[in-house]
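This is what each chain is made of:
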Amino acid sequence: MISDFIGWIFALFVVDPLHAQIQEQVERARLPAAIVSQSQACLTSQGPQLIKRAADDYGWAAATVVSMAIGHTSPAELLDARDPQCATLIGVLKGADGDA
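Remember, predicted model here, so these are calculated numbers, not experimental data.

*Asks:* In this structure, what is going on with the pattern of salt bridges? I would like to understand it.
*Replies:* Proximity of charged atoms lets side chains of opposite charge pair with each other. By the definition in use, this model includes two salt bridges. Measuring nitrogen to oxygen at the nearest pair gives 2.7 Å for the salt bridge that ties Lys52 to Asp56. Of this pair, Lys52 and Asp56 both sit in helix 2 (residues 33-56), four residues apart, roughly one helical turn. Asp56 sits in the exposed class, given a relative accessible area of 56%.

As structure tokens, then:
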């Protein structure tokens, strides 16, 4: 029960904003359809994994929420760089962080 609640809070404060930020970056960069499709596939696979990790490790979840809120952790750091669907998205996000 507590794990479900932690997962929900994590989704609300990390995964949903991550999805919104990625969508914004994709639209701003006017990326090709193939990259947009890869980005959506990345979020589809990574979102549930992040929520599960948060539900299993409350300390990591709390630290990640705070770190994201203060801007210490970028969304790109939460995605698995080994996932080929995420590699391009991570590059786009890191490029956007460098432009800011």
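*Asks:* Could you clarify how one ought to interpret the nonpolar core in this entry?
*Replies:* Of all hydrophobic cores here, the largest spans 21 residues; its most connected members are Phe10, Ile22, Leu50 and Leu79. For this core, the secondary-structure elements that each account for two or more residues are helix 1 (2-29), helix 2, helix 3 (58-69), helix 4 (75-78) and helix 5 (84-99). With seven residues, helix 1 is the largest single contributor of residues to this core.

*Asks:* Mind showing me how you'd approach the packing of helix 2 against helix 3 here?
*Replies:* Two numbers describe a pair of packed helices, the interaxial angle and the distance between the axes. The geometry of helix 2 relative to helix 3 is characterised by a closest axis approach of 5 Å and an angle of 120° between their N-to-C directions. Considered as vectors, helix 2 and helix 3 are oriented oblique to each other. Residues Leu50, Arg53, Ala54, Ala55 and Asp56 of helix 2 form the contact with helix 3, whose participating residues are Tyr58, Trp60 and Ala61.

Calculation rules
- Residues numbered from 1 in each chain as written.
- Predicted model: local features only at pLDDT ≥ 70, side-chain atom pairs only at ≥ 80, totals over all residues.
- Heavy atoms only, no water.
- Salt bridge = Lys/Arg side-chain N within 4 Å of Asp/Glu carboxyl O.
- Helix = DSSP H or I, 4+ residues; strand = E, 2+ residues; numbered from the N terminus.
- Buried < 20%, exposed > 50% of the residue type's maximum accessible area, 1.4 Å probe, protein only.
- Core = buried A, V, L, I, M, F, W, Y, C linked by side-chain atoms within 4.5 Å.
- Axes fitted to C-alpha atoms, helices over the stretch in contact; angles between N-to-C directions.
- Parallel < 35°, antiparallel > 145°, perpendicular 65-115°, else oblique.
- Contact = heavy atoms within 4.5 Å.

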